[in-house]
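# Examination of the molecular architecture
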Amino acid sequence: MFRQVAAYMDNKIERRLDRRGFSLEAVLVFVCGLLGSIGFAYIWMTTTNEVSDFGDGLTYEFIASTIAPLLLLFGLWIWYTVGAHLLASHFRGRGPIIRLFRTTAWALIPVGIWYLIRSIVIVVLFFSVDIPENPSQEAPGIGASATHDYILGLGLEDPIYIGTLLLGVAFTVWSGYLLSTAVQRSKNIEQGDARKVAGVLSGAFALYLVWSALGYAGIA
């Protein structure tokens, strides 16, 4: 089944290679990003119903954490595209960067799938979390940011969520495989060189996930 999915994605990248514009890809990245925002939106709604002192400051904090996955994915798209364009030049890669914008977006689908899994895990974890009526009184710090982080920690410091973050590394490897195909087709370089480029770019995101997991585990 994995081979069939991989073959489908390879064909999709090939078909989109020389199309005009990348509006379809922008929509694709937006939808994948929204999958990551679902879980945090659920925390926001749950907190609104449970907390009595829900002020504007806390609202802004939850807005930021809800749209963060969407912004992160668009940032990853730019990182993949610009990074691949620059690194491929060292291997005498040819082709406009617009081709990379069209093809690298499809390499983000595995991240979107992982986003969905993470959102499901967040919803399940916070379904059984008891949020205090006045969390600002129990937060270790002062201010809306400290209260927001305290509420998130009630569920996201669970080993299941930490394991879900580490699971994202496996999906990033899949993303890197698709990225290597995108780079190879878009920049006309050897497969081995494309894998090196993809390894650097996707590896950086994998390290970010590991660092995030260590942070929630209280190690980093």
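Residues numbered from 1 in each chain as written. Predicted model: local features only at pLDDT ≥ 70, side-chain atom pairs only at ≥ 80, totals over all residues. Heavy atoms only, no water.

Right, let's talk about the layout of surface pockets for a bit. Estimated volume of the largest pocket: approximately 400 Å³. Around the largest pocket sit 19 residues that line it, and Phe 40, Leu 152, Tyr 161, Tyr 208 and Tyr 216 are the ones nearest its centre. Looking at which element gives the most residues to the lining of the largest pocket, the answer is helix H8 (residues 191-216), with five residues. Residues belonging to the lining of the largest pocket are distributed by class as follows: eleven nonpolar, five polar and three charged. (1 Å grid on protein atoms, 1.4 Å probe; cavity = no way out; pocket = protein on both sides within 12 Å on 5 of 7 lines; lining within 4 Å. Points joined across faces, edges and corners; volume = space filled by probe spheres on them. Helix = DSSP H or I, 4+ residues; strand = E, 2+ residues; numbered from the N terminus. Nonpolar A, V, L, I, M, F, W, Y, C, P; charged D, E, K, R; others polar.)

Moving on, we get to helix H6 (residues 144-156). The first and last C-alpha atoms of H6 sit 18 Å apart over 13 residues, in line with the 18 Å expected at 1.5 Å per residue. Listed in full, the buried residues belonging to H6 are Ala 146, Thr 147, His 148, Tyr 150, Ile 151, Leu 152, Gly 153, Gly 155 and Leu 156. Those residues of H6 hidden inside the fold are in contact with helix H2 (23-50), helix H3 (56-88), helix H5 (109-127), helix H7 (159-187) and H8. (Expected span 1.5 Å × (residues − 1). Buried < 20%, exposed > 50% of the residue type's maximum accessible area, 1.4 Å probe, protein only. Contact = heavy atoms within 4.5 Å.)

With that settled, the discussion passes to the environment of Asp 53. Relative to the helices and strands, Asp 53 is located in the loop between H2 and H3. With residues up to four places along the chain from it excluded, the contact list for Asp 53 reads Glu 133, Asn 134, Pro 135 and Ser 136.

This part covers the packing of H3 against H5. Across the interface, H3 lies against H5 with an axial gap of 12 Å and an inter-helix angle of 165°. In terms of orientation, H3 and H5 fall into the roughly antiparallel class. The crossing of H3 and H5 is right-handed. Judged by residue contacts, Pro 69, Leu 72, Leu 73 and Leu 76 of H3 engage Val 111, Tyr 115 and Arg 118 from H5. (Axes fitted to C-alpha atoms, helices over the stretch in contact; angles between N-to-C directions. Parallel < 35°, antiparallel > 145°, perpendicular 65-115°, else oblique. Left-handed = near helix turned anticlockwise from the far one by under 90°.)

Let us now look at a negative patch on the surface. On the surface, a cluster of negative charge is made up of Glu 50, Asp 53, Asp 130 and Glu 133. Looking at Glu 133, the relative accessible area reads 52%, which means it is exposed. (Patch = residues over 30% accessible without salt bridge, like charges linked within 9 Å, V, L, I, M, F, W, Y side chains within 5 Å. Areas by Shrake-Rupley, 256 points an atom, 1.4 Å probe, with all protein chains shown as cover. Salt bridge = Lys/Arg side-chain N within 4 Å of Asp/Glu carboxyl O. Lys, Arg positive; Asp, Glu negative; His and termini not counted. Charge placed at Lys NZ, Arg CZ, Asp CG, Glu CD.)

Taken as a whole and judged by the stated rule, the model has eight aromatic pairs. An angle of 85° between the planes, with centres 5.3 Å apart, marks the rings of Tyr 161 and Tyr 216 as edge-to-face. With Tyr 161 in helix H7 and Tyr 216 in helix H8, this residue pair connects regions lying 55 residues apart in the sequence. Here Tyr 161 falls in the buried class, since its relative accessible area comes to 1%. (Phe/Tyr/Trp six-rings, centres within 6.5 Å; stacked < 30°, edge-to-face > 60°.)

We now examine the nonpolar core. By size, the foremost hydrophobic cluster in this structure holds 54 residues, and its most contacted members are Ile 43, Leu 73 and Val 183. At the level of elements, helix H1 (2-16), H2, H3, helix H4 (97-104), H5, H6, H7 and H8 are the ones that each hand at least two residues to this core. Among the elements that line this core, the one with the most residues is H7, at nine residues. Other than its neighbours up to four places away in sequence, Val 183 contacts Ala 84, Ala 88, Leu 100, Asn 188, Ile 189, Ala 194 and Val 197. (Core = buried A, V, L, I, M, F, W, Y, C linked by side-chain atoms within 4.5 Å.)

Even without a glycine there, the phi angle at Arg 92 is positive, about 60°. Inspection of the secondary structure puts Arg 92 in the loop between H3 and H4. If you check the backbone angles, Asn 188 has positive phi at about 55° while not being a glycine. For Asn 188, the position within the fold is in the loop between H7 and H8.

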